[in-house]
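Residue strings, one per chain:
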Amino acid sequence: MQITELSIPSHERVLRCEDASTGLCALIAIHSTVLGPALGGVRMAEYADQGAALEDVLRLSAGMTAKAALANLPLGGGKAVIMGNPKQDKTPALLAAFGRHVEALGGRYIAGQDSGLTVADLNQIATTTRYVVGTDDAVAHGRTRASGDPSPATALGVLHGIRAAVRQRFGSAQLSGVRVAVQGAGAVGGRLVEHLAAAGAEVRVCDIDPTRVEPLTDLPNVSAIALADWQTAEVDVLAPCALGGAIREDCVAALRAAIVAGAANNQLATLGAGAGLHQRGILYAPDFVINAGGLIHLKRRSDGADDAAVLERLTTIDPTLTIIFERSSDENQAPSAIADQLAAARVRQGAFRLQRRQAA
């Protein structure tokens with residue numbers, strides 16, 4: 001096992017974790033533990049190089065700090081990426097090796113599920129670390145409480161967020177007849193399509209894997225759209241639910257939607273994209289607010305809450321977004337900027353309280 005500490009001023013700790021015997025090469029980024037331990041998913045993906053992987057894990061972990069802060073959870077922000085093809089390179093030994101690196105951090109980072117990993121993979125990670133959530137109950141055996149797949153909660157939270165955005169823009173939270181283009185039909189995007197169809201929305205969906213789209217088109221008012229066309233579709237809501245960076249500054253002018261509200265992390269490729277949306281009058285639901293359902297689920301279930309309590313907590317996404325939208329309108333600032341300010345303020349308040357406790 002080899003651990004290299006990287007010096008990243010914006011983060012508390014960033015580690016490159018390697019294990020020659022299994023081929024593991026991973027990055028663990030702990031952005032902040034001011035509000036609590038840094039909980040964040042483990043993503044396995046192929047990257048062009050380690051620089052690209054580092055950029056991804058730094059942005060994702062910072063987003064987790066903001067997500068926990070605005071969800072009022074006693075958690076910090078962290079994230080991990082395992083570099084490799086999850087269909088070819090993922091092995092039980094590699095996952096167990098990764099778990100040993102997590103265990104060495106002593107609970108400062110808690111691993112969860114992200115793209116490229118399944119609940120079964122988390123079960124494997126849990127064989128070598130106590131600090132993992134989202135496993136099956138059957139393998140929890142006294143470690144941090146299991147809480148299962150967070151994807152359904154993420155999708156339901158995004159649905160609440162879309163209702164909030166539709167109400168803000170059109171005066172009613174009813175989704176019947178609302179036109180939505182969903183990019184990504186994976187664990188979260190696919191469930192979101194199902195929720196939207198059940199609510200009467202007219203949904204167009206695309207995915208890099210057409211086999212994910214085909215069964216969804218059997219739902220009422222759901223049709224397929226080409227990947228190349230989803231951003232410029234004439235719809236009410238664009239819902240990015242794949243990987244990040246979908247909304248770029250150079251594509252904002254071509255958007256024909258009134259709202260951008262989806263499940264993906266880091267939807268805005270740059271800060272300028274958020275400003276561009278605001279200038280065009282396109283309402284943006286900040287990603288780390290609208291997609292907090294999975295994190296809420298993991299934390300509440302690991303604390304022992306039942307499904308009903310988790311569902312009730314998911315409804316708080318709506319009023320949080322409403323506060324952001326109203327401040328955005330009152331102050332003529334992009335919702336993304338308002339959300340960043342609110343999250344930073346909550347972290348500062350947490351740091352102040354921590355300093356007072358330590359001084360007492």
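Preceding this section is the structure that the text describes.
Described in the following lines is the structure provided in the data block. Since this is a predicted model, take the numbers as computed values, not measurements.

## Looking at the packing of helix H4 (residues 151–170) against helix H12 (residues 317–331)
Axes are the key here: two packed helices are described by the angle between their axes and the distance separating the axes.
Here is step 1: Running from N to C, H4 and H12 point in directions that differ by 35°, and their axes come no closer than 8 Å. Between H4 and H12 lies a crossing whose hand is right-handed. From H4, Gly-157, His-160, Gly-161, Ala-164, Ala-165, Arg-167 and Gln-168 reach across to H12, where they touch Ile-317, Asp-318, Leu-321, Thr-322, Phe-325 and Glu-326.
Here is step 2: In the contact of H4 with H12, the residues fall into 5 nonpolar, 5 polar and 3 charged.

## Considerations on the environment of Ala-242
Here is step 1: Relative to the assigned elements, Ala-242 resides in the loop between strand E10 (237–240) and helix H7 (249–252).
Here is step 2: Overall, Ala-242 belongs to the partly exposed group, its relative accessible area being 34%.
Here is step 3: Measuring from C-alpha to C-alpha, the distance between Ala-242 and Gly-262 comes to 9.0 Å, with 20 residues separating the pair along the chain.
Here is step 4: Residues contacting Ala-242, with those up to four places away along its chain left out, are Gln-183, Gly-184 and Ala-264.

## A few points about unusual backbone geometry
Here is step 1: Unlike most non-glycine residues, Asn-72 shows phi in positive territory, near 55°.
Here is step 2: With respect to the helices, strands and loops of the structure, Asn-72 is situated in the loop between helix H1 (50–70) and strand E5 (76–83).
Here is step 3: The exposure class assigned to Asn-72 is exposed, which follows from its relative accessible area of 53%.
Here is step 4: If you check the backbone angles, Asn-332 has positive phi at about 50° while not being a glycine.
Here is step 5: Tracing the sequence through the fold places Asn-332 in the loop between H12 and helix H13 (335–359).

## Topic: the pairing of strand E3 (residues 24–32)
Two faces make up the sheet, and in a regular strand the side chains alternate between them.
Here is step 1: Summarising burial for E3: 8 of the 9 residues are buried, a large majority.
Here is step 2: Where strand E2 (residues 13–19) meets E3, 7 bridges bridge the pair, whose relative direction is antiparallel. The residue bridging Val-14 from the neighbouring strand is Ala-29, located in E3.
Here is step 3: Hairpin connection between E2 and E3: a loop of 4 residues separates the two successive antiparallel strands, and Gly-23 in this loop has a positive phi of roughly 80°.
Here is step 4: Of the strand pairs in this sheet, E3 and E5 are connected by 6 bridges, and their pairing is antiparallel.

## Some words on the pairing of strand E8 (residues 202–206)
Here is step 1: Here 5 bridges tie strand E7 (residues 179–183) to E8, and the two strands are oriented parallel to one another. Across the sheet, Val-180 pairs through a bridge with Val-203, a residue of E8.
Here is step 2: This β-α-β element, E7 to helix H5 (residues 189–198) to E8, shows right-handed connectivity.
Here is step 3: As paired strands, E8 and strand E9 (residues 222–224) are joined by 3 bridges and run parallel to one another. Within E9, the residue paired with Arg-204 across the bridge is Ser-223.

## Details of the pattern of salt bridges
Here is step 1: Enumeration according to the criterion identifies 17 salt bridges in this entry.
Here is step 2: One salt bridge in this structure joins Glu-5 and Arg-13, with 2.8 Å as the shortest N-O distance.
Here is step 3: A residue is classified by how much of its surface remains accessible, and Glu-5, at 45% relative accessible area, is partly exposed.
Here is step 4: Among the ionic pairs, Arg-301 bridges to Asp-307, the shortest N-O distance being 3.2 Å.

Calculation notes
Residues numbered from 1 in each chain as written. Predicted model: local features only at pLDDT ≥ 70, side-chain atom pairs only at ≥ 80, totals over all residues. Heavy atoms only, no water. Axes fitted to C-alpha atoms, helices over the stretch in contact; angles between N-to-C directions. Helix = DSSP H or I, 4+ residues; strand = E, 2+ residues; numbered from the N terminus. Left-handed = near helix turned anticlockwise from the far one by under 90°. Contact = heavy atoms within 4.5 Å. Nonpolar A, V, L, I, M, F, W, Y, C, P; charged D, E, K, R; others polar. Buried < 20%, exposed > 50% of the residue type's maximum accessible area, 1.4 Å probe, protein only. Pairing = 2+ DSSP bridges. Right-handed = clockwise from strand over helix to strand, strands pointing away. Salt bridge = Lys/Arg side-chain N within 4 Å of Asp/Glu carboxyl O.

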